[in-house]
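Geometric and topological summary
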Amino acid sequence: MSRPTRSLVGMILALTVAVGESMLVAEGADFPTKPITLVVPFPPGGGTDTVGRPLASVAHQHLGQPMVVINKAGGSGAVGAQFVANSRPDGYTILHGLNALTELPQVDELLGRKPAFRKEQFIPIGQVAVTPFAMMVNVESRWKTFQEFVAEAKQKPDEFQYASAGVYSTTHFMWEKILRATGIRVRHMPTTGGGPIMVAVLGNHVDIGHCVAPAVCAPQVEARKVRLLAITSETRLPTYPDVPTLKELGYDVTHSIWHTLMVPAGTPPDVVARLRQGLKGMVEDEAFKSLMTKLGERIQYMSGENFEKYWDEEYRTMGTLLRQLIKK
Amino acid sequence: MDTLQSLLYGFSVSLTPANLLYCALGVVLGTIVGVLPGIGPLGGITILLPITFGMEPVSAIIMLAGIYYGAMYGGSTTSILVNIPGEAASVVTCFDGYQMARQGRAGPALSIAAAGSYIAGTLSVLGLMLLAPMLARLALKFGPPEQFSLMVLGLVILAYMGTGSVLKALMMIVLGLTLAMVGIDHLSGFARFTHGRADLGDGVSFLAVAMGLFGVAEILVNIEKTVVREVIKPKLSALLPTREDWKRSIGPILRGSGVGFLIGILPGAAHIISTFVSYAIEKRLSRHPEEFGTGRIEGVAGPEAANNAATGGAMIPFLALGIPSAPATATMMVALLIHGVKPGPMLMEQHPQVFWGLIASMYIGNVMLLILNLPLVGLFINLLRVPQHFLFPGILLVCFVGVYSVNLSGTDLWIMAIAGVAGYLLRKAAFDPAPIVLAMVLGPMMEQALRQGLMMSRGEFGIFLSRPISATMLAVAGLLLVGHLVSVIRRAHARRGTTRAEGMPSVFVAKGGGK
C-alpha cells in the first residue's frame, strides 16, 4: 500500500469512528447535538417541498442545529412515512407528514393490503401550514360559477370529467366528498399530480379540475387562463376575496392539505417537548413568514397536543368515507 | 427588433460580475453531477436551492438553470470512456461512443459531444427565445391520446435502432415493459407485483437497472480478460475530431438539435426519448446503417446534441406556462416562487429581467461549458490509463453511491446488482440491453396515456384516430412497420431468387415443398 493510499484509508477510518461516536453522544440529554433530518415523502419541487424547505432554513436559530431536507418519494408518500416510522426514535429523523398519513393506512386495510405504516407509529410535533384547493375551469368554459357547473352536471350525469392527482390520492377523496355533498355524478380521470391537472384543464382534456390555492393557481389566474369557481377552505382566501368557499355555497365540504411534523412513536418525551418548543419558534420566525407569504402558502400553526385530537377526529371521519367508497 | 433589444437588456442583466459568477458556478456543478453516474441535475439543483433563498431571483435561476443544462454536457463523458451513462439521457451515447473509445478515438468522441452540445444548446436557447409562447400552446394540445401515439411511435423507432436482430430488440422491449409494470398503478391504486413491499410501490428503479445493465455488467464482462491497454500519450491532434469527423457530424448535430428541442417541449422523459429518436434518424439516413454501434461518430453527435436541445425545449412549458414537466424544472420553479416571481404566461411582462436575464445567461453558459469541457477531454482521457484493478472498484463504488443517493434505498442497490448479472448474461447471449432501459421509461407513460385516453372517450378507441396529431403519429408508426416488413420480405425473396439460381434449394423452398 502506498503512502497516500494508506493515509486516505486512515482518514476514512477516523471519519467513521467520529461519526459513530457522535451517534452515541446523541442519545444524551442536550438534544439536539447534531443536524436533524427532515424527510419529505415527495420528490423535490412538489407542494410539500415548498413548505418543508423554507421551514428547514430557519431551524438552526430555534433548535441550535441545522435541519437537512431529504426527499424520500414513492407510493403517494408511503415510502417516506414508512422510513421514518421505522427509524430510530431519537428525534433526529422527522417526517413532513401530510393527509396521506390518514388515508393510506386505511385504504391499505380496506383493500386487504398490509399497511406500510400505522397512525400509532407517529407522534405529532405540530402543524405548520394548511393548503386549501380551488376548483378551476378553463377560462373559455361556459361555467361562470360553481352553481352553474353543479346545475348542468345534475342534468347530465356522467357527462363531464374531472381530473384528480391519482386514485386514492387526497384530491380524489376531496372530489368524492364534493360529489356526495352536491349529489352530482362526474367521471374521474386520475393523473399524476398538479402539473398534469393544469395541462388537462388548460388543454380542455377535462371539464374541471383543481389547483393548490393560491400558489399553483396564481400565475394562470393572473394570465386569465383559468377561472376559479370555489375554494375548499373554511373561509375565503385573502388572495381571492371574490371566490366563495364551498361552505358558503351550501355544501358542507372543506378539504385542505395539512403540513405536520411527525417523529416516530417511542421518542423520549423531553425530546418531543424540545422539538415542539422549537417548531413554535420556527413558525413564528419572520424570515419563515416572509418566505411563506411569497410562496402563497398559509401558516396555520397548531400545537402537537391539539393536532393529536384533531387527527383522531379526522381519522374517524375519513375512515367512514373510505369504507363507503371502497366497499361499494 | 424588439427581441433584439430585450436580449441586449438580458445581457446587461446577466453580464454583471455576480451573475457571471453564479452562471459559472452553475455550469461547473452541472458538469460535475453530469459526469458522476447516478447523481443527476435534480440532485444538484435541490442541494443548492436553500442557498438561493437569499439571492436575487434572476441570479438564483441563472445558477440553477446552469446546473440543469450543464449536466447534459457531463453525461456523455462516462458513457464514452467506460460505457456507463453519467445521466439517463446518455444511454444511447454508450453505443458508438464507447466503441470509439476502444478504438482509441475517445478524444474525438468527447470533443464532438462537447461541440455538438454547444451548438444544440445555443440553438435551443434561440428557439426558446423566439418561439416560446407559440410552442407552449402546442404542448397543451398534447392530451393523453397524443401522448399515447407518441409513445407508440417511440417504441417502433426503438425496435428499429437496435444494432442487431430486430427480434431480439423486441424481446428486450417486452422485458422492459414487463419490468415497468411493477409498482402501484396510478389509475386504479392497485399494487402490481410488489409482493407487499412499499419500496417497490414506485416500481423498479429505472436508474438502478440502467446502472446495473451498463455499469456493473461492463465490469463483469471485462474482468474475464486481462487487457493490457496500450496507452498512447495522446497528442492534441489525436484528441480533436478530424475534418472528416466534422463533415459527418454536422448534419446529425443540426437534426439532433431540432428533434431534441421539439421533444423537449413535451411532458415526460423528453431528454431520454430525444436521444434515441435522434440515433434512429441518423441510422436511417446513414449510408452505412450496419456500422452503427461499431463506433460511428454520428451516433455520438446526434444524441448528444438532442439531449442538450431538449433542455431548452423543457424550459418552455415551465417559463411560458408555469407548468414544470419534470422534477428538475419544478424545483427551479420553487426557486422563483420563493422570490415572488411566478413563471407562466405573464413572466415576460411582469419580470422581464428574469426572463431575458436567464435567456442571455444561457448563451453565456453554453460558451462557458464549451471552454470548460474541451480542456477536460484531455484530462478525462487519462482515466483510461488507470489500471483496471483500480478503475473497476472505483467505478463500482461510484455506481453504488450514485444509485443509493437518489432514493436512499437499499432495495435499489439489490436491483442494480441483479441487473448487473442479468446484463452480463444478456451480453453473453448477444442481446443489446438498451431497449430494456428505454422501454422501462416509455412503458408507464404509454399505459397511463392509453387508459386516460380511453377514459376521455368512454372506451372508444376511435379517439386515437380522430384527433389529427395523434392520427398522424400513428400513421407514421404504421408506415415504419409496413416499410420494415416490405424490406424483410423483399430480402427474403432476393435470397430465395439467388439460391434458386444457384440450383440449390433454400430452406424456405424446402419447407414450402414439405407442405
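Here the structure is a predicted model, which means the values were calculated and not measured.

Parameters and conventions
Residues numbered from 1 in each chain as written. Chains lettered and ligands numbered in written order. Predicted model: local features only at pLDDT ≥ 70, side-chain atom pairs only at ≥ 80, totals over all residues. Helix = DSSP H or I, 4+ residues; strand = E, 2+ residues; numbered from the N terminus. Buried ≥ 20, exposed ≤ 12 C-beta atoms within 10 Å, placed from the backbone. Contact = placed C-beta atoms within 7 Å. Rg over C-alpha atoms; globule rule 2.2 N^0.38 Å. Domains from an automatic or database assignment. Nonpolar A, V, L, I, M, F, W, Y, C, P; charged D, E, K, R; others polar. Pairing = 2+ DSSP bridges. Core = buried A, V, L, I, M, F, W, Y, C linked by C-beta atoms within 7 Å. Axes fitted to C-alpha atoms, helices over the stretch in contact; angles between N-to-C directions. Parallel < 35°, antiparallel > 145°, perpendicular 65-115°, else oblique. Left-handed = near helix turned anticlockwise from the far one by under 90°. pLDDT = per-residue confidence, 0-100.

1. Concerning the overall build of chain A
- Helices and strands together make up the secondary structure of chain A, namely 12 helices and 10 strands.
- Scored against the burial criterion, the 328 residues of chain A give a buried share of 51%.
- Summarising the internal contacts of chain A: among those between residues at least 6 apart in sequence, 75% fall at separations of at least 24.

2. Remarks on the overall build of chain B
- Within chain B, the secondary structure is distributed over 22 helices and two strands.
- In terms of overall dimensions, chain B is globule-like: its C-alpha atoms have a radius of gyration of 23 Å, near the 24 Å expected for 515 residues.
- Dimensions of chain B along its principal axes, counting C-alpha atoms only, are 80 × 65 × 55 Å.
- In chain B, which comprises 515 residues, the proportion classed as buried is 56%.

3. Details of the interface of chain B and chain A
- Contact residues are listed per partner, giving 43 residues for chain B and 42 residues for chain A.
- Among the elements of the structure, helix H3 (41–52), helix H6 (106–141), helix H14 (327–337) and helix H19 (434–456) of chain B are those that each provide at least two residues to the side of chain B that touches chain A.
- Ranked by residue count, the leading element in the side of chain B that touches chain A is H14 of chain B, at six residues.

4. Here's the deal with the domain arrangement of chain A
Residue and element names in this part refer to chain A.
- Per the domain assignment, the segments of chain A are domain 1 (3–129 + 258–326) and domain 2 (132–231).
- In this assembly, 12 residues from domain 1 lie in contact with 12 residues from domain 2.
- Taken together, the elements giving at least two residues each to the side of domain 1 that touches domain 2 come down to helix H5 (100–110) and helix H12 (304–326).
- Counting residues per element, the side of domain 1 that touches domain 2 draws most heavily on H5, which supplies three residues.
- Looking at the side of domain 1 that touches domain 2 residue by residue, the class counts come to five nonpolar, five polar and two charged.

5. Side note on the pairing of strand S8 (residues 226–231) of chain A
All names here are of chain A.
- S8 sits mainly inside the fold: six of its six residues count as buried.
- When strand S4 (residues 122–138) meets S8, the two strands line up antiparallel, connected through five bridges. Paired with Val137 across the bridge in S8 is Arg227.

6. Description of the nonpolar core
- Ranked by internal contacts, the top residues of the largest apolar core, which has 252 residues, are Ile61, Leu64 and Val209 of chain B.
- Both domains that meet at this core, namely domain 1 (3–129 + 258–326) and domain 2 (132–231) of chain A, each give it at least three residues.
- With sequence-adjacent residues up to four places away left out, Ile61 of chain B is seen in contact with Met332, Ala335, Leu336, Val354 and Leu358 of chain B.

7. Re H14 of chain B
- Most of H14 of chain B sits out of view: 11 of its 11 residues are buried.
- Every buried residue of H14 of chain B is accounted for by Pro327, Ala328, Thr329, Ala330, Thr331, Met332, Met333, Val334, Ala335, Leu336 and Leu337 of chain B.
- On its buried face, H14 of chain B is in contact with helix H2 (49–57) and helix H11 (286–295) of chain A together with H3, helix H4 (57–82) and helix H13 (298–321) of chain B.

8. Re unusual backbone geometry
- Between Phe31 of chain A and Pro32 of chain A the backbone carries a cis peptide bond, its omega angle lying at -10°.
- Within the secondary structure, Pro32 of chain A is located in the loop between helix H1 (3–25) and strand S1 (36–40).
- Positioned with a positive phi, Arg224 of chain A is a non-glycine residue whose angle comes to about 55°.
- Take Arg224 of chain A: it is sitting in the loop between helix H9 (217–222) and S8.
- For Arg224 of chain A, a count of 10 C-beta atoms within 10 Å gives the class exposed.
- The phi angle at Phe193 of chain B is positive, at roughly 55°, despite the residue not being glycine.
- Residue classification places Phe193 of chain B among the partly exposed positions, given that 13 C-beta atoms sit within 10 Å.

9. Section: the environment of Ile273 of chain B
Residues and elements named next belong to chain B.
- Tracing the backbone shows Ile273 in helix H12 (residues 270–285).
- Residue Ile273 is classed as buried on the basis of its 29 C-beta neighbours within 10 Å.
- Once the C-alpha coordinates of Ile273 and Ser165 are considered, the two residues, 108 residues apart in sequence, prove to be 21 Å apart.
- Beyond its immediate stretch of four places on either side in the chain, Ile273 contacts Gly154 and Ile263.

10. Focus on the packing of H4 of chain B against H13 of chain B
Residues and elements named next belong to chain B.
- In the contact formed by H4 and H13, the axes pass within 9 Å of each other and the chain directions differ by 170°. The orientation of H4 relative to H13 falls into the category roughly antiparallel. Where H4 abuts H13, its residues Tyr68, Tyr69, Met72 and Ser76 lie against Glu304, Asn307, Asn308 and Thr311.
- The residue makeup of the contact of H4 with H13, split by class, is three nonpolar, four polar and one charged.

11. A word on the pairing of strand S9 (residues 256–264) of chain A
Residues and elements named next belong to chain A.
- In terms of burial, S9 is largely enclosed, as nine of its nine residues are buried.
- Residues Ser256, Trp258, Thr260, Met262 and Pro264 line one face of S9 and the alternating positions Ile257, His259, Leu261 and Val263 line the opposite face, and both faces are buried.
- As paired elements, strand S3 (residues 93–97) and S9 share three bridges and run antiparallel to each other. Looking at the pairing, Leu95 lines up with Met262 of S9.
- Relative to S9, S4 is paired through nine bridges, and the arrangement is antiparallel. The residue of S9 that forms the bridge with Ala129 is His259.

12. With respect to the packing of helix H8 (residues 166–180) of chain B against H19 of chain B
Residues and elements named next belong to chain B.
- With their axes 7 Å apart at the nearest point, H8 and H19 run at an angle of 45° to one another. Taken as axis vectors, H8 and H19 run oblique relative to one another. Crossing geometry of H8 relative to H19 is assigned as right-handed. Seen from H8, the contacting residues are Ala169, Met172, Ile173, Leu175, Gly176, Leu177, Leu179 and Ala180; seen from H19, they are Pro435, Ile436, Val437, Leu438, Ala439, Met440, Gly443 and Pro444.
- For the contact of H8 with H19, the residue count by class is 14 nonpolar, two polar and no charged.

13. Let's talk about H2 of chain A
- For H2 of chain A, a buried count of nine out of nine residues is recorded, marking the element as mostly surrounded by other parts of the structure.
- Within the sequence span of H2 of chain A, burial applies to Asp49, Thr50, Val51, Gly52, Arg53, Pro54, Leu55, Ala56 and Ser57 of chain A.

14. Looking at the confidence of the model for chain B
- When pLDDT is averaged across chain B, the result is 85; 92% of the residues are at 70 or more.
- Both confidence scores are given for the complex: pTM 0.81, ipTM 0.78.

15. Structural notes on the confidence of the model for chain A
Residue and element names in this part refer to chain A.
- Residues at a pLDDT of 70 or more form 90% of chain A, whose mean pLDDT is 87.
- Below a pLDDT of 50 lies the segment residues 1–8, which in the model reaches one contact outside its immediate sequence neighbourhood of four places, other chains included.
- The model gives residues 10–28 a pLDDT under 50, and that stretch makes seven contacts with residues more than four places away or in other chains.

16. Regarding the environment of Ala335 of chain B
All names here are of chain B.
- Along the chain, Ala335 turns up in helix H14.
- Taking C-alpha positions, Ala335 is 40 Å from Ala101, a pair spaced 234 residues apart along the chain.
- Not counting chain neighbours up to four residues away, the residues in contact with Ala335 comprise Leu49, Thr52, Ala60, Ile61 and Leu64.

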